[in-house]
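This is what each chain is made of:
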Amino acid sequence: MVRGEPRLKQKQEVTTGMRPLIAITLSLAVLSGAALATADAEKPLPSITGEKIDLGIREYDVTAKKRPVDKSVTRLGEKPEDKSTTDHSKLKELQGPFKNGQEVTKACLGCHNKAGDQFIKNKHWTWHWHNPKTGQDLGKRVLVNNFCTNAAGNEGMCAQCHAGYGMKDARTYDFKNQENIDCLVCHESTGTYYKLPPTQGNKACSVMFEGKPPIDFTKAAQSVTLPGRSNCGACHFYGGGGDNVKHGDLSSVLFKPTKDVDVHMGTDGENFSCIICHVGEGHQWAGSRYAPVAKDKVGTGKPGMPRQTATCESCHGTQPHPAGLMGIKLNDHTDRVACETCHIPSFAKGGVATKVFWDWRTAGRLKNGEGYREEGYIQGDGEPRHTYKSIKGSFKYGENVEPTYRWFNGSEIYTTVQTHFDPSKPVEINHLEGSAEDPNSRIWPFKRMHTIQPYDKGNNTLVYMHLWGDDPDAFWGNYNFARAIKHGMEDFDLPYSGEYGFVDTYSYWPVTHMVAPKEKALSCEECHNAEGRLKEVKGFYMPGRDRNLWVDRIGIFLVVAALLGVLGHGLLRIVLRARRKQS
């Protein structure tokens, strides 16, 4: 079920004090931008309601709060009596004091002398990957998305979740400097370590830096261990601008979930950490957003073994269902149906909603010269979520969402700032390759994100926006699309016509987490009927869903023939029994 219409107008916090001259200037800028946005809009803009003003982008602030520390299983076969051979709190190199994270990293690399060379090759560090199949350059340093649109040029904010220190600008950042590797973000286990953006941005962003307790780097360094869910989740649960915003199947509920939310990570079940599936070898982890494996034809069937892919088959093999008539039939499905399709009936579970719609056209509205937000949605765990924010626009949410199903062979074609498109049609941020005719394709579940976002009207391309910065062009401060886009494109010497509009975009996110217990997997009837989950997946004949005259006739003939055969056999036995009695 998708829910997203505003149903609560929450009181907002009042923040005032902007000088009148600045307020007037910003208001004029917004009015000019809003006029263009309204002219381009296809849908009416929601009315402004609510009473209070909020200056800060507080949804990012959660990444700097104390996290729940999980005691998840990081090695399969691990027993309570198993002990590490090293107590890091006893090492003289970690006795401190440490002034900053770089000093901790230097101490780490003193013993782990190969770790730096390994780490600077992984995508958590490079934010870049070249796809040899498609020839596209991918990664946060390049791509446009349909959430906050682009990390490129906004590293002063987005690098809060870079696995390193001090990335203010990816174009000038020294990716060879190993002392800037952030060891603690993945390995500390106190839950008190946090990351802040490398730059402070403007007035509206200052809330992120207020009231933060000092980090005890010595305590954090002495607590290092294999990564738990609290480490991975500190960034991955909050991608896209808040809790569960982006993926839909990665949220704060997974810090300590029940097995009903995720059968693998549930604290009352297997209690797996992320690295049980995303096995690491030399600081390279199995699984990739940019090079997913849609059909694992090998499947080790050996949980925890080093591998290049993080697939269901990696642990469960290619014939996962037990022997028997039903098991044989289910195993026959695995060739064309991804395991996740049946075993993740819904995502955004456990009371934490995911964004399903984002409208940038409405961004930039002010009250008393200040930005504000409206909290018009209360999610399942009782927490409010904003349905409008001046810096971003309007939103809708969903919980217990039924996935979108598509044929997928693991290849995606991304729309970049160089890609020209027809703006009269929705633009796919990542086009999924695959079809029923492709033997390497399977039916996969996805979260489909719908956004209305800026584009270059003259060149018919997506744009980079300059969102973060302590300067007059940063949108998260001046609320002026024209200046933010012009600045963002000029930063990368990209052509810009000077005229922007808004276009519908879709992005697709594979649903691979929040696996349900097996008894809650999809039943046959949920797909094999005319209005079932796969009614939009074309290119093949599916019994119970599709009609074919000759197939139906043959089927009816076989049923009738079988029935006549049974009746004839029964009648023959009755006749023969009667004759035996007479004789």
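Residues numbered from 1 in each chain as written. Predicted model: local features only at pLDDT ≥ 70, side-chain atom pairs only at ≥ 80, totals over all residues. Heavy atoms only, no water.

Visitor: Would you explain the overall build of the chain in this entry?
Guide: Per the secondary structure count, the chain includes 14 helices and 17 strands. When burial is assessed residue by residue, the chain has 49% of its 583 residues classed as buried. When contacts within the chain are restricted to residue pairs at least 6 apart in sequence, those whose partners lie at least 24 apart make up 73%. (Helix = DSSP H or I, 4+ residues; strand = E, 2+ residues; numbered from the N terminus. Buried < 20%, exposed > 50% of the residue type's maximum accessible area, 1.4 Å probe, protein only. Contact = heavy atoms within 4.5 Å.)

Visitor: How do you make sense of the pattern of salt bridges when you look at a structure like this?
Guide: Two side chains that carry opposite charge are able to pair once their charged atoms sit near each other. The final tally for this structure, using the stated rule, is 17 salt bridges. Of the charged contacts, one joins glutamate 375 and arginine 373 as a salt bridge, the two residues approaching to 3.2 Å between their closest N and O atoms. Taking relative accessible area as the criterion, glutamate 375 reaches 10% and is therefore assigned buried. Classification of arginine 373 as buried rests on a relative accessible area of 12%. Salt-bridge contacts for arginine 545 lead to aspartate 546; the nearest nitrogen and oxygen are separated by 2.9 Å. What makes arginine 545 buried here is its relative accessible area of 10%. One salt-bridge network, held together by shared partners, links Glu402, Glu526 and Arg533. (Salt bridge = Lys/Arg side-chain N within 4 Å of Asp/Glu carboxyl O.)

Visitor: Explain the packing of aromatic side chains to me, please; I cannot follow it from the model alone.
Guide: Across all of its chains, the model carries 27 aromatic pairs by this definition. A ring pair is formed by phenylalanine 147 and tryptophan 358, whose centres lie 6.4 Å apart and whose planes are at 75°; its orientation type is edge-to-face. Taken together, the positions of phenylalanine 147 in the loop between strand E2 (137–138) and helix H5 (155–158) and tryptophan 358 in strand E5 (residues 354–359) put the pair 211 residues apart, joining distant regions of the chain. Each member of the pair, phenylalanine 147 as well as tryptophan 358, carries the same accessibility label: buried. Taken together, a centroid distance of 5.3 Å and an interplanar angle of 20° make the contact between tyrosine 377 and tyrosine 397 stacked. Pair noted here: tyrosine 377 is in strand E7 (residues 377–378) and tyrosine 397 is in strand E10 (residues 393–398), with a separation of 20 residues, a long-range link. When sorted by exposure, tyrosine 377 lands in the same class as tyrosine 397, which is buried. Pairwise contacts between aromatic rings join Phe147, Trp358, Trp360, Phe395, Phe475, Tyr479, Phe481, Tyr500, Phe502 and Trp509 into one cluster. We note arginine 289 situated over the ring of tryptophan 509; from NZ or CZ to the ring centre the distance is 4.0 Å. (Phe/Tyr/Trp six-rings, centres within 6.5 Å; stacked < 30°, edge-to-face > 60°. Lys NZ or Arg CZ within 6 Å of the ring centre and 35° of its normal.)

Visitor: Teacher, can you tell me more about a positive patch on the surface here?
Guide: Among the surface-exposed residues, Arg573, Arg577, Arg580 and Lys581 lie close enough to one another that they form a single positively charged patch. With respect to the helices, strands and loops of the structure, arginine 580 is situated in helix H14 (residues 549–582). A relative accessible area of 57% places arginine 580 in the exposed class. (Patch = residues over 30% accessible without salt bridge, like charges linked within 9 Å, V, L, I, M, F, W, Y side chains within 5 Å. Areas by Shrake-Rupley, 256 points an atom, 1.4 Å probe, with all protein chains shown as cover. Lys, Arg positive; Asp, Glu negative; His and termini not counted. Charge placed at Lys NZ, Arg CZ, Asp CG, Glu CD.)

Visitor: Teacher, can you tell me more about unusual backbone geometry here?
Guide: When glycine is set aside, most residues are seen to have a negative phi, and most peptide bonds are trans. Residue proline 97 is reached from glycine 96 by a cis peptide bond, and omega for that bond is 0°. Phi at tryptophan 127 takes a positive value of approximately 55°, unusual for a residue other than glycine. Within the secondary structure layout, tryptophan 127 lies in the loop between helix H4 (123–126) and strand E1 (129–130). Overall, the relative accessible area of 5% leaves tryptophan 127 in the buried class.

Visitor: I would appreciate a short explanation of the environment of leucine 534 in the present structure.
Guide: By the secondary structure assignment, leucine 534 is in the loop between strand E17 (500–510) and H14. Judged by relative accessible area, leucine 534 falls into the buried class, the value being 3%. Through-space distance from the C-alpha of leucine 534 to that of isoleucine 443 is 8.9 Å; in sequence the pair is 91 residues apart. Excluding residues within four positions of it along the chain, leucine 534 makes contact with Tyr405, Ile443, Cys527, Met542 and Arg545.

Visitor: Could you clarify how one ought to interpret the nonpolar core in this entry?
Guide: Most often, soluble globular proteins have nonpolar side chains that are buried together. In this structure, Ile57, Trp360, Phe475, Trp476 and Phe481 are the most contacted members of the largest nonpolar core, which totals 47 residues. Those elements that place two or more of their residues in this core are E5, E10, strand E15 (442–456), helix H12 (475–478), helix H13 (481–490) and E17. Discounting chain neighbours no more than four positions away, the residues touching phenylalanine 475 are Trp360, Ala363, Gly364, Ser390, Ile391, His466, Leu467, Asn480, Phe481 and Ala484. Of all hydrophobic cores here, the second largest spans 26 residues; its members include Phe119, Ala170, Cys183 and Leu184. (Core = buried A, V, L, I, M, F, W, Y, C linked by side-chain atoms within 4.5 Å.)

Visitor: Mind showing me how you'd approach the pairing of E5 here?
Guide: On a regular strand, each side chain points to the face opposite its neighbour's, so the side chains alternate between the two faces of the sheet. Most of E5 sits out of view: 6 of its 6 residues are buried. Here E5 runs beside E10; their pairing, made up of 5 bridges, is antiparallel. Within E10, the residue paired with tryptophan 358 across the bridge is phenylalanine 395. In the sheet, E5 pairs with E15 via 3 bridges, with the strands oriented parallel. Paired with phenylalanine 357 across the strands is histidine 450, a residue of E15. (Pairing = 2+ DSSP bridges.)

Visitor: Help me understand the confidence of the model for the chain, please; the structure alone is not making it clear to me.
Guide: In regions of low pLDDT, the predicted coordinates are not meant to be interpreted in detail. Overall, the predicted model of the chain reaches an average pLDDT of 87, with 86% of residues at or above 70. Low pLDDT (under 50) marks residues 1–51, which in the prediction has 102 contacts with non-local residues, meaning those over four places away or in another chain. (pLDDT = per-residue confidence, 0-100.)

Visitor: Looking at this model, I keep getting lost on a nonpolar patch on the surface. Mind explaining?
Guide: A surface patch of nonpolar side chains, about 600 Å² in accessible area, is lined by Leu549, Trp550, Ile554, Phe557 and Leu558. Secondary-structure assignment places isoleucine 554 in helix H14.

Visitor: Help me understand helix H8 (residues 229–236), please; the structure alone is not making it clear to me.
Guide: Helical geometry note: an α-helix holds 3.6 residues per turn, so side chains three or four residues apart project in the same direction. Across the 8 residues that make up H8, a large majority, 6, are buried. Taken as a whole, H8 has its buried residues at Arg229, Ser230, Asn231, Gly233, Ala234 and Cys235. Turning to H8, the residues buried within the fold contact helix H6 (184–187).

Visitor: Teacher, can you tell me more about the environment of glutamine 222 here?
Guide: Mapping glutamine 222 onto the fold places it in helix H7 (residues 217–222). What makes glutamine 222 partly exposed here is its relative accessible area of 23%. C-alpha separation for the pair glutamine 222 and serine 189, spaced 33 residues apart in sequence, amounts to 9.1 Å. Sequence-distant contacts of glutamine 222, that is, excluding residues within four places in its chain, are made with His88, Ser89, Leu94 and Gln95.

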